[in-house]
Amino acid sequence: MRKFYRISATLFLLLVTVGWSWAQYTVTGTVTDERTGEPLIGATVLVRNSTRGAITDLDGGFSIGIDGNQQAVLVISSLGYVSKNVNVSPGSDAIQVTLAQDATNLEEVVITGLASNIKRSNLANAVSTVSADELVGTTNIQTTDGALYGKIAGANIKMNSGAPGGGVSIQLRGISTLTGASQPLIILDGVYINNSFQRTGRATVSGAGASNQDDGANRLADLNPNDIESIEVLKGPSAAAIYGTRANAGVIIITTKRGASGKTRVSLSQDIGFAEPLRLLGVDDWSEEKINFFFPEARRPLELERFRAAQASNTFIDYEDYFYNNRAILSNTRLTISGGNDKTNFFVSGNFADEDGTVRNTGFQRTSIRANIDHKITESIRLGVSSNYIRTDTDRGFTGNQNNSGASIGYNIAYVPNYYDLRRNADGTYPINPYFSENPVAVTDLGTNNSLVNRFVQAFTLDADLYKSSNSILKLQLGGGLDFLQNTTLVHLPESLQFQRGQANPGDVLWGKQESFNTNIQAVLLYNWNLGRVNMNSQAGLVRLDFNNNDLFNRGRGLAPGQINLQQATVQEINQQFFSEVQEAGVFLQQEANFEDKIIGTVGIRWDKSTLNGDPNKFFAFPRASVAFNLANFDFWGSKSTFSALKPRIAYGETAGPVAFGATFTPLGGTNIGGLLGSVVSTQIGNTQILPETASELEFGIDAGFLNNRIGLEATYYIKNTQNNIQNLTLAPSTGVNSTPSNEAELENKGVELALFGSIVEKPNFRWNTRLMYWHNRLNMKRLGIPTYISGGFGSALGTFLYAEGFSPTTIVGTPADPSNPGGFTIWGNAQPRYNMSWVNNFTFAKHFEFSFLMEYRHRGDNVNLSAFLTDSGGTTNGWFDDDNGDGIPNGRQRPPEPYNNAGRWVQDATFLKIREIGLYYTIPRNTLNQAFGNSVENIRLGASMNNAFLFTKYEGYDPETSTFGAQAVANNVDITPYPTPRRVFFHVTIDF
Amino acid sequence: MKKIKKYLSIAVLAAISLFACNPLQLDEIDDPNNPSVASVSNNASREQIQFLLTGLESRHRGYVTNISQAWNTFGREIWYLNGSDPRFQTDWLGQNGRTPDNAYFGFGVTGGGSWAFPYQAIKQADVLIEASLSASTLSDADRRAVAGFGKTIKGFQFMIPANWVYQNGIRVDVADPLNPGGFVSYEDALDFIKTVLDDGDQDLTAAGAGDFPFRLTRGFDGFNTNAALKQVNRAITARLNAYRKDWQGVLTALDASFMDLSGNLNAGPAHPYGAAPDIFNPLFYVRDAVVTTMIVVHPSMLEDATPNDQRVANKFYERTAPPVTVSTDAGTLVGTHQDNRWASNTASIPFIRNEELILLKAEAHANLGQTTDAVAAINIIRNAAGIGNYTGATSQDALIDEILYQRRYSLWAEPWGHRWIDARRYDKLNEIPTSFDGGAIFPQFPHPQAELNWDSYIGN
C-alpha cells in the first residue's frame, strides 16, 4: 500500500511539474539586516521544492525566475542569520526582506555523517559546532584542541602540561575504554588524521619510564587553528554511529575554510605577545633551626656554613622563579588569500607561529601552508582538493618525572634549598648540585628535547550529479585523502653534565624517527527525493581505511665532546624499531526523512571489519535511529514570537573502539645476551578471539527557542553503555605469562548537558551574545568480569586507581590498607569532576568594538599531587617548616589526614575557575580607512587579548589541569612537577585588502 | 544529455578503476615485528632451538637487579639509596611501620623480579624443552642436553619465589597458563625443586660426554660441556639441600659439583653483561659519581668488619667524593662506601661460586657435628681473606655463627640476598641491625596480588 502511494505520488508530482513547466514569472527584492539595516551581500534565495535559486548582490538585491504561475515560497537565508520563508505570486511587488542574526545558530548546517549534513534546527542529536569566530575569535590559541576548551558541553578537555606546542586530552561524555586514551576520532576535511601522542624519548633518557611520561604533544598541534571554518563534535555513538569502529569516544569533524567567488581578498594578521607563568607556588625559606631539624648531624655543619654564606652575601635563590618566571615572546603571522570565479574558488593560507616558552630554551614553531581549491569541471561535476604542508618544531624542555638522571627541573629543585647557588659559574662551568644528581641549570642550558614534524595532509572530494530532476537528485560523492607524518625527535644530555659524568659512558643521545601514513577513501551514492510532503535522503556507501606506522629510535651513549651524531657514541644501540599496519573496511546505508521540517527521522547502519580484530573478516554491525519533532512548525502551534521553537528529540546508536595493534599476537621477543640473539616467550598471550569494544548510546533531549529564537535552550540526557571493554586479564604470573587481553568489562556513562544561549541585548549600538553551559558525567563499572584490581599512578602508597564493579575506574585509592573495601585500600577520591560549567560572552558596542570572554568552572575531581610529595621530601614546599597542629613535627613531615603520611595526603581537590579567554577588538571605521588609504585597504582590526588569563583554585599545584602520563582513559590526573601553564597576552592587528 | 552520459560513464569508469582492487578486501597481517611462539612449537629448526636456549640465558638473569637491590636491603647488606624515589628507602626498610602487602613497592602486583621474572625463566625452559622434543634435527643426546640445561636453570629459578614468600608457599605446577596448580608449602616446594634438579642431572648424564651441543654465552666459559654443566647442577643442588637442611645431601652434591678447595674462589658460572644490544651490569656504579642513586655498603658491614679483611678492602670502596645522601620523610640516610666488585659495566655477575660451595661444605659439616672438617673449610675462606685461622669456640652454635659471619663478607651483596635467607634459616632475623635506619626486618612476603586475583577469577 505504501509503495503504491509512493509511486502514485511521484507520478503525480511529475505530471504537475511537466504540465506547468512552460510558464514563468520573476520576483525581485532586497535583503537587509534587521538590526543594523545594512544590506546583506551573498544571501541565498531559493524557491522551495525546486532546484532554482539566486544570490543577492552588493546592495542586497536579487531577482529570481519562478516556473509556473502559481504561488511559491521563497526561502531566504544567509550565513549567521535566521532564514525566512516569503510567499510570492505572479503579481508580487518587489519584496523587502529583513533577516535577524541567528543568535541561537538554529540555521547553521551541521555535518552529521560521512556524507550528510542537516540544519541545526532539524538535528536529533546534541551536536556541538564551534565556528571559526568562536574558536579563535577571542584570542590566539596554539592548538586546535586547546581552542575547543570550554566551548563544548560534555567535553572534558585538559592540558597535560603547560609546555609549548600542545598536549591536550579530549574526553567526550566520560570514557569509553579502559586501556586506550579514549580520545575522539579526528577527521580533517574528510581525512582520518593522526592525532597520536608520539614518543619523544625524553622519559627514556631522563629515566622516567615509558613513553607516556614523555609529555609529548598530540599531533593535532600541527593544524593551524586559523585555517578552520568550523568544528563539529559528535559526542557519542548515537550521533557518530555511521563512523563505526573508531567512533566510541566520539568524532571531531574539522572543516577548513574555502574560497568564495568574487573579489580576491587578501588578509594579513599579526599577533604579538608574551607569556608568563599563570601561577607559581613559592619555595620555602630556610633557617638554622630548620637545617638542624632537616639534616642528619654529620651534615649540619656544612649546611649551616652554606646557609650563613648565603646570608652574608644575601644570595637566596627562588629556583621556581629562576626557572619558570621568564617572559616569553609570542608571535603569530598569518596571510590568507581567497577568491574565485564561477568555476574555480581558492583559499590559500600561510601561517608562521613562533612562540617561546616560559622555561628558557623551550618553544614552539609552526609553519603551515594550505591551498584549498574547488573547481567545477562541469555544472554537475565538482572537484575539491585541500593540501596542507606543516612543519612543527617544538622544544619542550625537561620537566615532569625522571629517575636518577636529575633531568627534570621541578623534580630536581624540589630538593635544592634556596641558600645554595646552582647558577652558572663565570668560567662557564656549572656548580655540582650536592642535593640531587644533576644541576638543572646545566640541563636547561645544555640539554635538548626537540621534536621536528614534517607533515602533509591531502584531501579530495569529487561530487558528481548523476541524475537531476526538478525534485530529486542522485549524486556520487568520492572523497578521501592521506596524512603523511614524519616526526624526528632528539633528546640529548651532553657528556659534561653532572649525572652523565657519573656514568660509565657519559653523554646520552636518543634519536627517533617516526613515520605514519594514513589513507582513507569513501564512495557514497546519495539520492535526495520527495515522497509526498516528505523529503527523503538516501545514502549508500563504502569506506576503506589504512594506517601504517614505522618507528625507529637509536640511542648513543659515551659521546665525543659536543657531538650528537650517533656515530660519535661509544655505545650505539637500536632502542626501538616498531612497525604496525592496520586495514579496515566498512559499508553503510542511511535513510533520512524530513516531513516539512516538522518530523525529522533517520535510520542507518554501518558494517565494519578490521585486521585488528580476532577475526579480521567478520563484519560488525552498528545501527542507529533518531527522530526529532519540531513542534513549533506544526499548524497547531500558533504564534512563534514568544515561544518560538520546541523540539523533543531522541537518538540511539552503536559504535566500536578498535582493538590495540598486536592484541592477537603471542610473540617471541628478541633479546641479546653475551653476543648471542635469544628468543624469549612473551609475557602476554595473544587473544585470537578478541572483539572490538562496542558502545551503545541512548540520547534524548529538548531544544527550545524563545523570543523569535533569540534565546535558545538545549537540554540533553544520555546513557552510554560500553561492552566488551578490553582490559588485560592478569594471569597467575607464576605461569610465566602475565596477561592476555580480555573482552569482559562494561562501563556506563550517564550525563546531562545543558546550554542556555542567545542574544540578551540587541540594540543597533549594543549587542550581547552569551552561552552558558553545564554538564556532568557519571561513570560506573557495570561489569568487570575479572578480579578487582588496582592500577595506574605510582602504586598504592602514592595513590592508584580502583577497578571494581560498582565503582568508577577514576576512583583513587591508596594506603593505608582497608580490607573492607574492594581492592583492599582506603578510598581517597575520584578524578571525575562532579560537574563543569562554562560561560561564553560576546559584546559588540559603539559599532566598532567587540569584547569577549570565556570562563570555565570545574567542580571537584581530585588530582594525585606528587609534586607536593617531592617538595615535602626535599623540604622545599612553601610552608614546610610550619607546624599547624603544634606537635613539634613540621607540616612537611606530617601531612593530614591522620594517620599521617598515607596516600590520602596527596589526593587533592582540583576544583578551579579559569578565565580562559578575554579579547577586546576595534575595527577602524570605513571612513577613516578611506581617508587614510583610499580604497586600497578594506578593513583594519586591532585587538588585545589574553589566553589563560586568571586561575582561581585551592589546589596546591601550578595548574589543576595536569597529567604526567599524558592522555589516557584513567590516571590522567597525576601531578609530577609539570611545566607551569603560561598566561599568554596578545596584541593583534589584521589588515584586509 | 549526451554530455551527462559522457560524464556519467567517466565517473563509473573512475569508480571501477578506483575499486578494481576490492576496497573491502583486507590483507592478512602477521606480526611484522616478531616471530610467533607457535613457530617453534612444531619441528623447530636447530637455529630456533639455539635462539630459545639463549633466550633462557636471558630470562635466567631477569631476577638480578631486583634481588640485588631489594633482598640485600632486607638483609641490611646494602642500602639502595635512591634520591628519585624515597620508597626504595622507606618501604624496603620497613620504616614508619611499613610492612609488605600484596602489591608492595618494587614488586607490584606480579611480584616482579622476585616472582614473575623467575617464573618467566621457568616458562622459557619449559617452552625450550617442549620445542626440542619435536625438533627433528636434534638427536636424542641433544634433547637430553637441552633438557638437562633447562631443568638446571629451572631448579635455580624456582628457589627465588620460594625464598621470597617462604612459608606462604609457591606454585610448582605451572606448565598450563590457564590451569596452574595450587600452592605447596616451602618444604614441599624445595623437595619438588630437588626432583627437577635431579632430573636435569640425569638428563645431562644421558647427554653423554663432550661439549654441550648448543652455544652458551661467555657466562658459561669453562662450563660448556655436559659434564661441567652437571657440576653446576650439583652446585645448585648443594645450595638447595642446605635450605632443605639435608646436610648429607649437601656434601654429596658438593662432591659432584665444581667445588675446588684449593681453587679460585670466584670460579663459577655467571650472567654476562655488555654494551648494547646487550644490557649493562646493573650493579655497576662509577666511583665517586656525584649522583643520588646508588647501592651503598650498609654501615653494619663496616662496623662489624674484621681488621685487614681483604674482602672489605676489595669489595668496599670508600668515596672520596661527598657521601651519597638521601632524605625521605623517615629521615636522611648517608652512604660512604660503594660496591667495588665490578671493574666495568660490562663485568659478568656470577650466580654461584666456589667460595659459596666451600662455605656450604663448612656449614654441612658443622651441622653434622664434624667440627674438624668444618673448621678446615672455614679456614680456607679465612686465609683467603687474610684474617688467619679460626681460633674461636668449636661448639656447633659458635661454628654456625662463624660460618654466617664469613658468609656475610664472602657472599656480600650477591644477587641472592644470602644474609636475609641465612638469618631466617637459623631464626636470627632479629640479629640483622635496624638501628641505622629505624626500619624493620621482613620475615617473608605475601603472595603477589595477581596470584590472588587469578584464584578468585577461577573461583578458588
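Since this is a predicted model, take the numbers as computed values, not measurements. Throughout, residues of each chain are indexed from 1 in the direction in which the sequence is written. Both sets of labels track the order of writing: A upward for chains, 1 upward for ligands. Note on the predicted model: pLDDT of at least 70 is required for a residue's local features to be given, and 80 or more for side-chain atom pairs to be given and counted; whole-chain, interface and lining totals, by contrast, use all residues.

Draft legend 1. Here's a closer look at the overall build of chain A. When helices and strands are tallied, chain A shows 13 helices and 47 strands. Scaling as 2.2 N^0.38, a compact globule of 993 residues should have a C-alpha radius of gyration of about 30 Å, and chain A matches this with 31 Å. Expressed as lengths along the three principal axes of its C-alpha atoms, the size of chain A is roughly 105 × 75 × 60 Å. Whether a residue is buried, exposed or partly exposed follows from its count of other C-beta atoms within 10 Å of its own C-beta, namely 20 or more, 12 or fewer, or something in between, respectively; the C-beta atoms are built from the backbone. For chain A, the residues scored as buried account for 53% of the 993 residues in total. Here a strand is any run of E in DSSP of at least two residues, a helix any run of H or I of at least four, and the numbering for each starts at the N terminus. We compute the radius of gyration over the C-alpha atoms and compare it with the globule rule, which gives 2.2 Å times the number of residues raised to the power 0.38.

Draft legend 2. Fine view of the overall build of chain B. Across its full length, chain B carries 16 helices and 10 strands. Expressed along its principal axes, the backbone C-alpha trace of chain B runs to roughly 115 × 60 × 45 Å. Here chain B, with 460 residues, has 53% of them falling under the buried criterion. C-beta atoms are first placed from the backbone for all residues, and any pair lying within 7 Å is then listed as a contact. Partitioning the intrachain contacts of chain B with sequence separation of at least 6 by distance along the chain shows that 73% fall at a separation of at least 24.

Draft legend 3. Up close: the interface of chain A and chain B. Contact with chain A, which involves 80 residues of that partner, is made by 84 residues of chain B. Ranked by the residues each element gives to the side of chain A that touches chain B, the list is headed by strand β26 (residues 569-595) of chain A, at 9 residues. The residue inventory of the side of chain A that touches chain B, partitioned by class, reads 40 nonpolar, 33 polar and 7 charged. Three classes are used: nonpolar for Ala, Val, Leu, Ile, Met, Phe, Trp, Tyr, Cys and Pro, charged for Asp, Glu, Lys and Arg, and polar for all others, with Gly counted as polar.

Draft legend 4. Local environment of the pairing of strand β16 (residues 251-256) of chain A. All names here are of chain A. β16 sits mainly inside the fold: 5 of its 6 residues count as buried. Sheet analysis places strand β13 (residues 185-188) next to β16, joined by 4 bridges and oriented parallel. Bridge assignment links Ile186 to a residue of β16, and that residue is Ile252. Paired strands, in this sense, are two strands between which DSSP finds at least two bridges. Pairing of strand β15 (residues 228-234) with β16 involves 6 bridges; the strand directions are antiparallel. Within β16, the position partnered with Leu234 by the bridge is Val251.

Draft legend 5. View of the packing of helix α7 (residues 186-206) of chain B against helix α8 (residues 226-243) of chain B. Residue and element names in this part refer to chain B. Only C-alpha atoms enter the line fits that serve as axes; for helices the fit covers just the stretch in contact. Angles between N-to-C directions range over 0 to 180 degrees. Between α7 and α8, the shortest axis-to-axis distance is 9 Å and the interhelical angle comes to 165°. As the angle between them shows, α7 and α8 are arranged roughly antiparallel. The way α7 lies across α8 gives a crossing that is left-handed. Here α7 contributes Leu190, Ile193, Lys194, Leu197, Gly200, Asp201, Leu204 and Thr205 to the contact with α8, which in turn contributes Asn226, Leu229, Lys230, Asn233, Arg234, Ile236, Thr237, Leu240 and Tyr243. Our angle categories are set so that under 35 degrees counts as roughly parallel, over 145 as roughly antiparallel, 65 to 115 as roughly perpendicular, and the remainder as oblique. Crossing handedness: left-handed means the near helix sits turned counterclockwise from the far one by under a right angle, and right-handed means the same turn made clockwise.

Draft legend 6. Main features of the packing of helix α12 (residues 354-367) of chain B against helix α14 (residues 396-410) of chain B. All names here are of chain B. Relative to each other, α12 and α14 sit at 170°, their axes nearing to 10 Å. With respect to each other, α12 and α14 are oriented roughly antiparallel. Contact with α12, carried on its side by Glu355, Leu359, Ala362, Glu363 and Ala366, involves Gln396, Leu399, Ile400, Ile403, Gln406, Arg407 and Ser410 of α14 and no other residues of that element. By residue class, the composition of the contact of α12 with α14 is 6 nonpolar, 3 polar and 3 charged.

Draft legend 7. Representation of the domain arrangement of chain A in the model. Taken domain by domain, chain A consists of domain 1 (2-99) and domain 2 (146-150 + 154-158 + 184-279 + 327-407 + 447-677 + 693-786 + 831-861 + 910-992). Just the C-alpha atoms count here: the centres of domain 1 of chain A and domain 2 of chain A sit 39 Å apart. For the purposes of this description, domain bounds are those given by an automatic or database domain assignment.

Draft legend 8. Layout of the nonpolar core. Ranked by size, the top nonpolar core spans 209 residues in total, and within it Leu866(A), Ile49(B), Leu52(B) and Leu128(B) carry the most contacts. The contacts of Leu866(A), once residues within four sequence positions are left out, are Phe794(A), Leu798(A), Trp906(A), Val974(A), Asp975(A) and Ile976(A). In terms of nonpolar packing, the next biggest core, distinct from the first, is built from 71 residues, Leu172(A), Leu188(A), Ala523(A) and Ile600(A) among them. For our purposes the nonpolar core covers buried Ala, Val, Leu, Ile, Met, Phe, Trp, Tyr and Cys residues that link as a set through C-beta atoms within 7 Å.

Draft legend 9. Inspection of unusual backbone geometry at higher detail. Of note, the bond from Thr815(A) into Pro816(A) is cis; its omega dihedral lies within 30 degrees of zero at 0°. In this fold, Pro816(A) is placed in strand β38 (residues 811-817). Cis geometry marks the peptide bond from Ala276(B) to Pro277(B); its omega dihedral reads 10°. Examined against the element boundaries, Pro277(B) turns out to sit in the loop between β4 (270-271) and β5 (293-297). With a phi angle near 65°, Asp288(B) is a residue other than glycine that sits in the positive phi range. In this structure, Asp288(B) sits in the loop between β4 and β5. What makes Asp288(B) partly exposed here is the crowd of 15 C-beta atoms within 10 Å. The phi torsion at Ala413(B) lies on the positive side, around 55°, for a residue other than glycine. Mapped onto the elements, Ala413(B) comes out in the loop between α14 and α15 (418-425).

Draft legend 10. Layout of helix α16 (residues 449-457) of chain B. Along α16(B), the residues classified as buried are Gln449(B), Ala450(B), Glu451(B), Asn453(B) and Trp454(B). Buried residues along α16(B) sit against β33 (711-730) and β36 (789-791) of chain A. Positive backbone phi, approximately 85°, marks Gly459(B), located one or two places after α16(B).

Draft legend 11. Molecular detail of the environment of Thr44(A). Residue and element names in this part refer to chain A. Turning to its location among the elements, Thr44 is positioned in strand β2 (residues 44-47). The class for Thr44 is partly exposed, based on 16 C-beta atoms found within 10 Å. Spatially, the C-alpha atoms of Thr44 and Ile76 are 5.7 Å apart, while their sequence positions differ by 32 residues. Setting aside its immediate chain neighbours within four residues, Thr44 contacts Gly53, Ile55, Ser77 and Ser78.

Draft legend 12. Local environment of the sheet that holds β13(A). Taken together, 5 strands build an open sheet; the order of strands is β10-β15-β16-β13-β14 (chain A) and the sheet is mixed. Edge positions in the sheet fall to β10 (128-131) and β14 (191-192) of chain A, since each of these pairs with one other strand and no more.

Draft legend 13. Just the environment of Ile152(A), in detail. Residue and element names in this part refer to chain A. By the element assignment, Ile152 lies in the loop between α3 (144-148) and β11 (155-159). Since 26 C-beta atoms lie within 10 Å of it, Ile152 is described here as buried. The residues contacting Ile152, other than those within four sequence positions of it, are Ser128, Val130 and Val233.

Draft legend 14. Expanded view of the pairing of strand β7 (residues 324-328) of chain B. All names here are of chain B. Summarising burial for β7: 4 of the 5 residues are buried, a large majority. Pairing of β7 with strand β8 (residues 331-335), which is carried by 5 bridges, proceeds in the antiparallel orientation. Note that in β8 the partner of Ser327 across the bridge is Thr332.

Draft legend 15. The sheet that holds strand β46 (residues 974-975) of chain A, seen in detail. All names here are of chain A. Taken together, 3 strands build an open sheet; the order of strands is β43-β42-β46 and the sheet is mixed. Since the sheet does not close on itself, it has two edges, and those belong to β43 (907-909) and β46, each with one partner. Inspection of the sheet shows strand β42 (residues 862-865) paired to β46 by 2 bridges, in the parallel sense. When the sheet's bridge partners are listed, Val864 is paired in β46 with Val974. Running at roughly 30° to β42, helix α12 (residues 866-874) makes contact with β42 and β46 of the sheet.

Draft legend 16. Inspection of helix α5 (residues 116-134) of chain B at higher detail. Helix span, expected: 1.5 Å multiplied by one less than the number of residues in the helix. The end-to-end C-alpha separation of α5(B) is 27 Å, in line with the 27 Å expected for 19 residues at 1.5 Å each. The element α5(B) is largely enclosed, with a buried count of 15 among its 19 residues.

Draft legend 17. Structural detail: the confidence of the model for chain A. Of the residues in chain A, 98% have a pLDDT of 70 or more, and the chain-wide mean is 92. The quantity known as pLDDT measures the predictor's confidence residue by residue, on a range of 0 to 100. Note that residues 1-21 of chain A has pLDDT below 50 and, in this model, 9 contacts with residues that lie over four places away or in other chains.

Draft legend 18. Spatial organisation of the environment of Ile991(A). Assignment of secondary structure puts Ile991(A) in strand β47 (residues 982-992). The contacts of Ile991(A), once residues within four sequence positions are left out, are Leu268(A), Val937(A) and Ile940(A).

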